[in-house]
Amino acid sequence: MTSPDFYSSSTGQVPGGDLISVLLVDDDESFLFITRRYLENTKKFRVDTLTTPLDALNYSNISGYDAIVSDYYMPGMDGIAFLKTIREQYGDIPFILFTVRSREEVLIEAINSGADFYIQKSISMDALFTELIHKIKLAVARKNERISLQDSKKFLSDILDFLPDATFAIDRYGYVTVWNRAIEEMTGLSAQEMVGKGNYEYSIPFYGTNRPLLIDLIDSADEIIAQYYSIVYRTETTLTAETNLSHPKGNQISALVKVSRLYNQAGEIIGAIESIRDISEMKKTEQKHRESEERFRGMTERSSDLIFILDEKMSAAYVSPSVYIHLGYQPDELIGKSMDFAAETIFSKNYLEFMQAVELTMQGKPVENMDMILCRKDGSLMYVSVYVVPITENGNVMGAQASMRDITERRKTELATRALMMSVVETTGANSLRIITETISSWLGADCVVIGELIQENETVHVLSMFLDGNNSSDFSYDFRGTPCEQVTKTGFSLYPDDVACTFPRCKFLSEMRFRGYIGTPLHDSS
């Protein structure tokens, strides 16, 4: 036995280097010496030598070599038996068999036992060593490629298992090669059960029978695909469709299915991959949104109010049909128009108030009961009361809903009432409040007219004159909390055409007198 000059590295690699480590086993010590010298002179190899396979098998670091080169005829154990033991104990270490004979049965047995290459010693030494160097490099490169491929497959497998969508792949012959964890959970079938299955068996968990899935129809015409799937669309590399699946756990699901071909490095098709996403909840949400939108659209299209849906830039995304009646614009003339357009046209008479309302909305604050003047398309004016509710998502303003109620007639009544009162006051003087109440009662046809002084300290109204059913009263007070008079102090001119007693249930006077409507306006002193 030759005493091997082993390096201390347990991996068989030169520390810090990239030399190929080779274990050379041969009972011919002179051949060992020459071969080792030749290989190491190339500066590509680091070679250790032993004279028997048994010595090699007893060496604990044998698995650290990049390649083993062995003679066939050796005492105690021949090269084939040595090879078989290496394969059983150490796996796929590249193994090259040397012999001086070219017996066909030896060659066949060597290949069947897992030898990477077989080299005859009978050729010239230069040719032999040239072939040996080539075969060692080739065998090591093949193993590295196998390891790299295994790592890539493991890496890809881990990625596919991590995907939340149920995913599987087939080879070009239709056999399952990948079955990820998500599809295991969806179908209840493990990868161990499914990998290697063909003949459309991967469709059985979903349909109970062998039938093509989208992965099998990737090259089919859309007309054929439409027999199985809906909403089919293609890109250059993928095919996507929607369908309903019978979920293995018993319930129907809506699924978004996406497939793509798989290629090797040469650009050849080697299979296909399919992912299945459960979109049942998304479909339910879409249906609810459609129903809600239909209800909303139905209400807005029957409403006499002006209704706008604004996007995040405060441009109109929806305009109710009533806009034509009120402003003379068709909805399409306003949809998509910018905030600046609205400010310069419709809201030009209330530019500052309009910009204030926009600013409040962008801050996520609602706008309530803001009176504005709108300019119609023909230049005429209308009065509206504006309400705006921001649409928010995760704290961000994504748009707004705005409604505007026509208060033109109310505004005219308010102005007329004020004009009447001022004319009466100017004509009769401040001491003739009785005449004022009687005149307003006559002009409006009101059953009761009250002029009172607000006493802020105790939240009461001191009645200066009240005309009720043809009689005039004065000089008494009442608590105005919960009455329509309180609303007047907050919002100004107020009009309640009907059911005022229901609107202000705390005001017993309204219900006792069976008053149905109410109109009120604030009066201001000289300050």
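Up top is the structure.
Keep in mind that this is a model prediction, so the values were computed, not measured.

Q: What should I look at first to understand the overall build of the protein in this one?
A: Helix and strand counts for the protein come out as 19 helices and 22 strands. Put simply, of all contacts in the protein between residues at least 6 apart along the chain, 44% involve residues at least 24 apart. Looking at the protein as shown, the accessible area adds up to about 30,000 Å², and 51% of this sits on carbon and sulfur atoms.

Q: Help me understand the pattern of salt bridges in this model?
A: One pass over the structure, following the stated rule, counts 19 salt bridges. Its salt-bridge partner being Arg-405, residue Asp-305 comes within 2.8 Å of it at the nearest N-O pair. On the criterion of sequence distance, the pair formed by Asp-305 in the loop between helix 10 (280-302) and strand 12 (306-310) and Arg-405 in strand 16 (residues 396-406) is long-range, its members being 100 residues apart. Put simply, Lys-377 and Glu-333 hold a salt bridge, and the shortest N to O gap is 2.7 Å. Highlighted residues: Lys-377 in the loop between strand 14 (367-375) and strand 15 (381-393) and Glu-333 in helix 12 (residues 331-334), separated in sequence by 44 residues.

Q: So what exactly am I meant to see when it comes to the nonpolar core here?
A: Generally speaking, soluble globular proteins have nonpolar side chains that are buried together. Residues Phe-308, Val-323, Leu-327, Phe-347, Met-372, Leu-374 and Met-404 are the most contacted members of the largest nonpolar core, which totals 29 residues. Counting residues per element, the ones that place at least two in this core are strand 12, strand 13 (316-319), helix 11 (322-327), helix 13 (339-344), helix 14 (351-362), strand 14, strand 15 and strand 16. With near-sequence residues (within four places) excluded, Phe-347 lies in contact with Ala-342, Phe-354, Met-372, Leu-374 and Met-404. Judged by nonpolar contacts, the second largest core, of 26 residues, contains Met-186, Leu-213, Ile-215 and Ala-241.

Q: Could you clarify how one ought to interpret the packing of aromatic side chains in this entry?
A: How two aromatic rings sit relative to each other is given by the distance of their centres and the angle of their planes. With the rule as written, the count across this model stands at 12 aromatic pairs. Through successive ring pairs, a cluster of aromatic residues spans Phe-31, Tyr-38, Phe-98 and Phe-129. One Lys or Arg, Lys-337, reaches over the ring of Phe-341 and ends 5.6 Å from the middle of that ring.

Q: Looking at this structure, I do not really get the sheet that holds strand 13. What am I missing?
A: In a beta sheet, neighbouring strands pair by backbone hydrogen bonds and run either parallel or antiparallel. The strand order across the open sheet formed by 5 strands is 13-12-16-15-14, and the pairing between neighbours is antiparallel. For this open sheet the edge positions go to strand 13 and strand 14, each flanked by a neighbour on one side alone. The mean inter-strand angle of the sheet, taken between neighbouring strand axes irrespective of direction, is 25°. Examined bridge by bridge, strand 12 and strand 13 share 3 bridges and lie antiparallel to one another. Pairing of Phe-308 across the sheet is with Val-319, part of strand 13. Sheet contacts for helix 14: strand 14, strand 15 and strand 16; angle to strand 14, the most-contacted strand, approximately 145°.

Q: What's the story with the state of the cysteines in this structure? I'm lost.
A: Between two cysteines, a covalent bond joining their sulfur atoms is known as a disulfide. Per the counting criterion, the structure on display carries 0 disulfides. Note on Cys-485: no disulfide assigned, nearest cysteine sulfur contributed by Cys-507 at a separation of 7.4 Å. For Cys-507, a relative accessible area of 11% translates into the label buried.

Q: What's the story with the sheet that holds strand 1 (residues 20-25) in this structure? I'm lost.
A: Strand order in the open sheet formed by 5 strands is 2-1-3-4-5, with parallel pairing between adjacent strands. Two strands bound the open sheet, and with one partner strand each, they are strand 2 (45-50) and strand 5 (117-120). Between one strand and the next, the sheet's axes are offset by a mean angle of 20°, whatever the strand orientation. Relative to strand 4 (residues 95-99), strand 3 (residues 67-71) runs parallel, the two sharing 4 bridges. What sits directly across from Ser-70, in strand 4, is Leu-97.

Q: Looking at this model, I keep getting lost on the pairing of strand 2. Mind explaining?
A: Strand residues, when the strand is regular, have side chains that alternate between the two faces of the sheet. In terms of burial, strand 2 is largely enclosed, as 6 of its 6 residues are buried. Side chains Phe-45, Val-47 and Thr-49 of strand 2 all project onto a buried face; the interleaved residues Arg-46, Asp-48 and Leu-50 project onto the opposite face, where all are buried too.

Q: What should I look at first to understand unusual backbone geometry in this one?
A: You will see that Ile-231, though not glycine, has its phi angle at about 50°, which is positive. Inspection of the secondary structure assignment puts Ile-231 in strand 8 (residues 230-234). Its identity is not glycine, yet Asn-369 carries a phi of approximately 55°, on the positive side. Among the residues examined, Asn-369 registers a relative accessible area of 31% and is labelled partly exposed.

Q: Just to check I follow, could you spell out helix 17 (residues 484-491) for this structure?
A: Residues spaced three or four apart along an α-helix face the same direction, because each turn holds 3.6 residues. Of all the positions in helix 17, only Pro-484, Glu-486 and Val-488 are classed as buried. Packing partners of the buried residues in helix 17 comprise strand 21 (494-496), helix 19 (508-512) and strand 22 (518-520). Two residues or fewer past helix 17, Gly-492 is found with a positive phi of approximately 90°.

Rules used in this analysis
Residues numbered from 1 in each chain as written. Predicted model: local features only at pLDDT ≥ 70, side-chain atom pairs only at ≥ 80, totals over all residues. Heavy atoms only, no water. Helix = DSSP H or I, 4+ residues; strand = E, 2+ residues; numbered from the N terminus. Contact = heavy atoms within 4.5 Å. Areas by Shrake-Rupley, 256 points an atom, 1.4 Å probe, with all protein chains shown as cover. Salt bridge = Lys/Arg side-chain N within 4 Å of Asp/Glu carboxyl O. Core = buried A, V, L, I, M, F, W, Y, C linked by side-chain atoms within 4.5 Å. Buried < 20%, exposed > 50% of the residue type's maximum accessible area, 1.4 Å probe, protein only. Phe/Tyr/Trp six-rings, centres within 6.5 Å; stacked < 30°, edge-to-face > 60°. Lys NZ or Arg CZ within 6 Å of the ring centre and 35° of its normal. Pairing = 2+ DSSP bridges. Axes fitted to C-alpha atoms, helices over the stretch in contact; angles between N-to-C directions. Disulfide = S-S within 2.5 Å.

That's the geometry; what it means functionally is another story.
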